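# Structural overview
Here's the letter readout for the chains.
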Amino acid sequence: MNLKIAVLSGDGIGPEVTLQAKKALHAIGVVYNHEFVFEDAYIGAIAIEKTGKPLPEQTLNLCRNTDSILFGAIGDPKVRPEQGLLQLRKELGLFANIRPIKAYPKLMNSSPIKKEVLQGTDFVVYRELNGGMYFGEKTSNEEGTYASDLCEYNEDEIVKISHLAFKAAQTRRKKVTLVDKANVLETSRLWRKVVTNIAAEYPEVTLECLYVDNASMQIIVNPRQFDILLTDNLFGDILSDEASVISGSIGLMSSASLGEQHSLFEPIHGCYTEAKGKNIANPIASILSV
Ligand code: IPM
Ligand code: MG
């Protein structure tokens, strides 16, 4: 294999952990005879500093023309560069964010959850990444006393990620749990309707629906019950951080963001600016992502 990989190491500990991941990938290349060519580009606060934009044109063009993207971390409370990552996900059509959650035997003592509860936990979060409240219209008034974020979904967006989730379940324990808030939200009722229809195409997979408030409790009380957890953008963001507690450390959580033409791999942790340059950041999540 000969692959060109865009490396967007970003802010905070991003560059440190990404460097280790590049070394791991290089070592794999040497052993298995693949060539990985890395090309660096700016994103995030560092990109704002260098070019005035969190996602410069040059970075986006590089990402459009590579085989894959390795992403580090993004964030800086002073300039709020997160928009750069959201724009990248949208521009490249990265609609599915996949986050594996596992209880690692060696790390069970690091988790605040009891070992008996954790043992054997192995599920994967399928988070929709291009829609929902993240991308709906945002408004605020001039006085700064009112703000709104619109949550929108259309059928096609739900269909695309749901098929991936059901296909994954077919190769695993054959269960999909849809997490929503269908007792309150119209978008959640749409999710339930669409996902229930899709489930009929996968008769060997069981579909279960859980309200997000209940799901957030179940993840801690009985995490073994989950196989594939399918959910929208905002709920997926929140629940995947919560679920990372199961692995003993958010520093171990990898993720893949997939679209029809592009793919991006990144640790789920943030930029942890306080740790930057101290050589204490755990690079495992980035290594697992590559
Ligand atoms: C994540 C992060 C991002 C998100 C931030 C950095 C915008 O928390 O990938 O989970 O909210 O999606
Ligand atoms: Mg998050």
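Details of the structure are given in the entry above.
The model shown is predicted, which means the values in this text are computed figures rather than measured ones.

### Observations regarding the overall build of the chain
Across its full length, the chain carries 10 helices and 12 strands. Taken against the 2.2 N^0.38 rule, which gives 19 Å for 290 residues, the C-alpha radius of gyration of the chain at 19 Å falls within 12% of a compact globule. The principal-axis extent of the C-alpha atoms belonging to the chain is close to 55 × 45 × 35 Å. When each of the 290 residues of the chain is scored for burial, the buried share is 49%. Counting only contacts in the chain whose residues sit at least 6 apart along the sequence, the fraction spanning at least 24 positions is 75%. Working note: accessible area of the chain is about 14,200 Å², and carbon and sulfur atoms make up 53% of it. Averaging the locations of the 30 positively and 36 negatively charged side chains of the chain gives two centres separated by 6 Å.

### Focus on the sheet that holds strand 1 (residues 2-10)
Strands sit in the order 2-1-3-12-11-4-5-10-8-9 across an open sheet of 10 strands; the sheet is mixed. The sheet is open, and its two edges are formed by strand 2 (35-40) and strand 9 (206-211), each paired on a single side. Strand-to-strand twist of the sheet, defined as the mean angle between neighbouring strand axes without regard to direction, takes the value 25°. The pairing of strand 5 (residues 122-128) with strand 10 (residues 228-231) spans 4 bridges and is classified as parallel. For Tyr126, the partnering residue across the bridge sits in strand 10 and is Leu230. On top of the sheet, helix 4 (residues 83-91) reaches strand 1, strand 3 (68-73), strand 4 (96-102), strand 5 and strand 12 (263-267); it is set at about 150° to strand 12, its chief contact. Contacts from helix 8 (residues 212-221) reach strand 8 (175-180), strand 9 and strand 10, with the element oriented near 105° to strand 9.

### Digging into the packing of helix 6 (residues 155-170) against helix 7 (residues 186-199)
As a packed pair, helix 6 and helix 7 sit with axes 10 Å apart at the nearest point and diverge in direction by 45°. Considering their axes alone, helix 6 and helix 7 lie oblique with respect to each other. Both helix 6 and helix 7 take part in a crossing whose hand is right-handed. Judged by residue contacts, Glu155, Ile158, Val159, Ile161, Ser162, His163 and Phe166 of helix 6 engage Leu190, Trp191, Val194, Val195, Ile198 and Ala199 from helix 7. For the contact of helix 6 with helix 7, the class distribution of residues is 10 nonpolar, 2 polar and 1 charged.

### A short note on the site of ligand 1
Around ligand 1, the neighbouring residues are Ile74, Glu82, Arg89, Arg99, Arg127, Tyr134 and Asp237. Arg89 is positioned with one of its side-chain polar atoms (N or O) 2.7 Å from an oxygen atom of ligand 1. Between ligand 1 and Arg99 there is a distance of 2.9 Å, counted from an oxygen atom to a side-chain nitrogen or oxygen. In isolation ligand 1 offers 320 Å² of accessible surface; the protein chains occlude 80% of this area.

### Quick word on a nonpolar patch on the surface
Residues Ile28, Val30, Val31 and Tyr32 make up a contiguous nonpolar surface patch of about 440 Å² in total accessible area. Turning to its location among the elements, Val30 is positioned in helix 1 (residues 14-32).

### A look at unusual backbone geometry
Notably, Asn33 is not glycine yet its phi reads approximately 65°, a positive angle. With respect to the helices and strands, the residue Asn33 is situated in the loop between helix 1 and strand 2.

### Here's the deal with the packing of aromatic side chains
By the definition in use, this model includes 3 aromatic pairs. Aromatic pair Tyr153 and Trp191: ring centres 5.2 Å apart, planes at 85°, arrangement edge-to-face. Taken together, the positions of Tyr153 in the loop between strand 7 (147-149) and helix 6 and Trp191 in helix 7 put the pair 38 residues apart, joining distant regions of the chain. Judged by relative accessible area, which is 10%, Tyr153 ranks as buried. Taking the centre distance of 5.1 Å and the plane angle of 20° together, the rings of Phe166 and Tyr202 count as stacked. Of the two residues, Phe166 sits in helix 6 while Tyr202 sits in the loop between helix 7 and strand 9, which places them 36 residues apart along the sequence. Residue class for Tyr202 comes out buried when judged on its relative accessible area of 6%. Over the aromatic face of Tyr134 sits the side chain of Arg127, whose NZ or CZ is 5.3 Å from the ring centroid. Between the NZ or CZ atom of Lys160 and the centre of the ring of Phe95, over which it lies, the distance is 4.7 Å.

Scoring rules and cut-offs
Residues numbered from 1 in each chain as written. Chains lettered and ligands numbered in written order. Predicted model: local features only at pLDDT ≥ 70, side-chain atom pairs only at ≥ 80, totals over all residues. Heavy atoms only, no water. Helix = DSSP H or I, 4+ residues; strand = E, 2+ residues; numbered from the N terminus. Rg over C-alpha atoms; globule rule 2.2 N^0.38 Å. Buried < 20%, exposed > 50% of the residue type's maximum accessible area, 1.4 Å probe, protein only. Contact = heavy atoms within 4.5 Å. Areas by Shrake-Rupley, 256 points an atom, 1.4 Å probe, with all protein chains shown as cover. Lys, Arg positive; Asp, Glu negative; His and termini not counted. Charge placed at Lys NZ, Arg CZ, Asp CG, Glu CD. Pairing = 2+ DSSP bridges. Axes fitted to C-alpha atoms, helices over the stretch in contact; angles between N-to-C directions. Parallel < 35°, antiparallel > 145°, perpendicular 65-115°, else oblique. Left-handed = near helix turned anticlockwise from the far one by under 90°. Nonpolar A, V, L, I, M, F, W, Y, C, P; charged D, E, K, R; others polar. Near = heavy atom within 4 Å. Polar contact = N/O pair within 3.5 Å; in protein donor to acceptor, adjacent residues only side chain to side chain. Patch = residues over 30% accessible without salt bridge, like charges linked within 9 Å, V, L, I, M, F, W, Y side chains within 5 Å. Salt bridge = Lys/Arg side-chain N within 4 Å of Asp/Glu carboxyl O. Phe/Tyr/Trp six-rings, centres within 6.5 Å; stacked < 30°, edge-to-face > 60°. Lys NZ or Arg CZ within 6 Å of the ring centre and 35° of its normal.

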